[in-house]
Amino acid sequence: MKAGLNLWDTAYVYGMGTSEKVLGGFLTTVSRDSYLISDKFTPQCADPTAENAVTALYEKSAELLGTDYIDFYWIHNPVEAPKWVTELISLAKSGKIGKIELSNHSLEEIKEAADILAKEGLKISAIQNHYSLLNRSSETSGILDYCKENDITFFSYMVLEQGALTGKYNTEHPFPADSDRGRTYNPMLPQLEKLNAELEKIADRHHVATAQIPVAWAIAKGTLPIIGVTKVYQVEDAVKAAAMELSAEEIAMIEKLGDEAQLNVIRYWEKEMK
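Residues numbered from 1 in each chain as written. Predicted model: local features only at pLDDT ≥ 70, side-chain atom pairs only at ≥ 80, totals over all residues. Heavy atoms only, no water.

Peer 1: How would you sum up the overall build of the chain? Please name residues and give values.
Peer 2: Looking only at helices and strands, one finds eleven helices and seven strands in the chain. With the principal axes as the frame, the chain shows a C-alpha extent of 55 × 40 × 35 Å. Here the chain holds 274 residues, and 50% of them are scored as buried. Counting only contacts in the chain whose residues sit at least 6 apart along the sequence, the fraction spanning at least 24 positions is 76%. Separation between the mean location of the 27 positive side-chain charges and that of the 40 negative ones in the chain comes to 1 Å. (Helix = DSSP H or I, 4+ residues; strand = E, 2+ residues; numbered from the N terminus. Buried < 20%, exposed > 50% of the residue type's maximum accessible area, 1.4 Å probe, protein only. Contact = heavy atoms within 4.5 Å. Lys, Arg positive; Asp, Glu negative; His and termini not counted. Charge placed at Lys NZ, Arg CZ, Asp CG, Glu CD.)

Peer 1: Which residues make up the sheet that holds strand S1 (residues 7–9), and what are the values?
Peer 2: Overall, parallel pairing links the seven strands, which are arranged S1-S2-S3-S4-S5-S6-S7 in an open sheet. Only two strands of the sheet have a single neighbouring strand rather than two, namely S1 and strand S7 (224–225). Pairing geometry for S1 and strand S2 (residues 36–41), over three bridges, is parallel. Across the sheet, the residue bridging to Asp 9 is Ser 38, located in S2. Sitting on the sheet, helix H2 (residues 53–65) is in contact with S2, strand S3 (70–75) and strand S4 (97–103), with an inclination near 140° to S2. Sheet strands touched by helix H4 (residues 107–118): S4 and strand S5 (124–130). Its angle to S5, the strand with the most contacts, is close to 160°. (Pairing = 2+ DSSP bridges. Axes fitted to C-alpha atoms, helices over the stretch in contact; angles between N-to-C directions.)

Peer 1: Tell me about the pattern of salt bridges, and name the residues and values.
Peer 2: Taken as a whole and judged by the stated rule, the model has 13 salt bridges. Where Lys 256 meets Glu 260, a salt bridge forms, and the shortest distance between an N and an O atom there is 2.7 Å. Within this pair, Lys 256 and its partner Glu 260 are both found in helix H11 (residues 248–261), separated by four residues, close to a single helical turn. The class for Glu 260 is partly exposed, based on a relative accessible area of 45%. By sharing partners, the salt bridges in this structure join Arg 136, Glu 139, Lys 221, Glu 255 and Asp 259 into a single network. (Salt bridge = Lys/Arg side-chain N within 4 Å of Asp/Glu carboxyl O.)

Peer 1: Give me unusual backbone geometry: which residues, what numbers.
Peer 2: The residue after Ala 81, namely Pro 82, is reached through a cis peptide bond having omega 5°. Structurally, Pro 82 can be placed in the loop between S3 and helix H3 (83–94). The phi angle at Asp 151 is positive, at roughly 55°, despite the residue not being glycine. Mapped onto the fold, Asp 151 is located in the loop between helix H6 (143–149) and strand S6 (153–157).

Peer 1: How would you sum up the side chain of Glu 198? Please name residues and give values.
Peer 2: By secondary structure assignment, the location of Glu 198 is in helix H8 (residues 189–206). No salt bridge is formed by the buried Glu 198, whose closest oppositely charged neighbour, Lys 201, lies at an N-O distance of 4.4 Å. Once residues lying within four places of it in the same chain are set aside, the contact partners of Glu 198 are Met 253, Ile 254 and Leu 257.

Peer 1: Which residues make up the packing of helix H1 (residues 18–27) against H2, and what are the values?
Peer 2: For the pair H1 and H2, the least separation of the axes is 7 Å and the interaxial angle reads 40°. One way to sum up the angle between H1 and H2 is to call them oblique. For the pair H1 and H2, contact is made by Glu 20, Lys 21, Leu 23 and Gly 24 and by Ser 61, Leu 64 and Leu 65, respectively. (Parallel < 35°, antiparallel > 145°, perpendicular 65-115°, else oblique.)

Peer 1: Describe the environment of Ser 179, and please don't skip the residues or the numbers.
Peer 2: Along the chain, Ser 179 falls in the loop between S6 and helix H7 (180–185). At a separation of 2.6 Å, a polar atom in the side chain of Ser 179 contacts the main-chain carbonyl oxygen of Pro 176. A polar side-chain atom of Ser 179 sits 2.9 Å from the main-chain amide nitrogen of Gly 182. (Polar contact = N/O pair within 3.5 Å; in protein donor to acceptor, adjacent residues only side chain to side chain.)

Peer 1: Quick rundown of the packing of aromatic side chains? Include the residues and the values.
Peer 2: Taken as a whole and judged by the stated rule, the model has nine aromatic pairs. Seen in terms of ring centroids, Phe 72 and Phe 155 are 5.6 Å apart; in terms of plane orientation they differ by 65°. Their pairing is edge-to-face. Within this pair, whereas Phe 72 is found in strand S3, its partner Phe 155 is found in strand S6, the two being separated by 83 residues in sequence. With a centroid separation of 5.7 Å and an interplanar angle of 80°, the aromatic rings of Tyr 131 and Phe 154 are classed as edge-to-face. Here the residue Tyr 131 occupies a position in the loop between S5 and helix H5 (137–140), and Phe 154 occupies one in strand S6, the gap between them amounting to 23 residues. Among the residues examined, Phe 154 registers a relative accessible area of 2% and is labelled buried. (Phe/Tyr/Trp six-rings, centres within 6.5 Å; stacked < 30°, edge-to-face > 60°.)

So, in structure tokens, the structure goes:
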């Protein structure tokens with residue numbers, strides 16, 4: 001917060017309320033006008049007995065966060081789309097949320113939701129998808145262009161591929177083998193050597209940490225990266241990444257190496273955007 005990073009992204013499904021409760025505890029120490037909350041309705045958490053499942057989960061999240069207003073509220077994934085967008089309309093008109101967003105939706109699903117909302121005088125304000133040097137399907141599918149054309153903010157998550165693009169891990173220093181990250185990324189580390197070496201080279205040239213380069217790249221592409229941090233220096237890195245500029249040549253090179261790695265990093269809860 002002191003560094004100017006004031007948007008907090010959470011969801012009830014992250015620890016089944018634990019993330020919201022911890023964040024809510026912290027937010028009691030600062031003024032409401034000093035931060036933005038980004039929270040989500042996850043279809044898999046819907047209460048089948050509720051008259052309006054979206055509103056019901058919102059109320060639960062708002063209570064855990066200790067607020068009566070959430071700045072960004074997302075439909076977390078397209079399960080049963082566009083049912084939940086329709087249920088979100090009454091919540092949007094209640095004034096309890098600021099902006100309507102969709103996460104992990106394809107271009108077709110985004111357009112379908114936009115049409116439903118437009119009939120009610122509402123619009124999509126943001127899209128949040130997995131977007132990194134190893135997964136640019138939201139770019140190649142036309143989602144990024146659609147967002148730019150319709151004044152929609154694109155939130156990019158997993159920009160660092162859960163640490164695989166930070167320079168911290170390689171074939172000699174892999175992720176813990178018994179971790180989810182280890183099972184996912186350790187087999188990919190040999191194919192990531194060229195990309196990570198180039199990221200380190202560019203980082204040295206700019207006198208920053210390697211992890212700052214993929215973040216700076218995501219910003220240069222016109223997206224708002226969501227960074228998961230557990231240590232103070234990671235926050236400081238994110239601040240520095242927001243202030244740096246990559247050259248067109250540097251961007252082209254790391255995109256080329258990312259494409260050449262030919263890795264499928266789509267996780268079990270996602271799909272490739274087409």
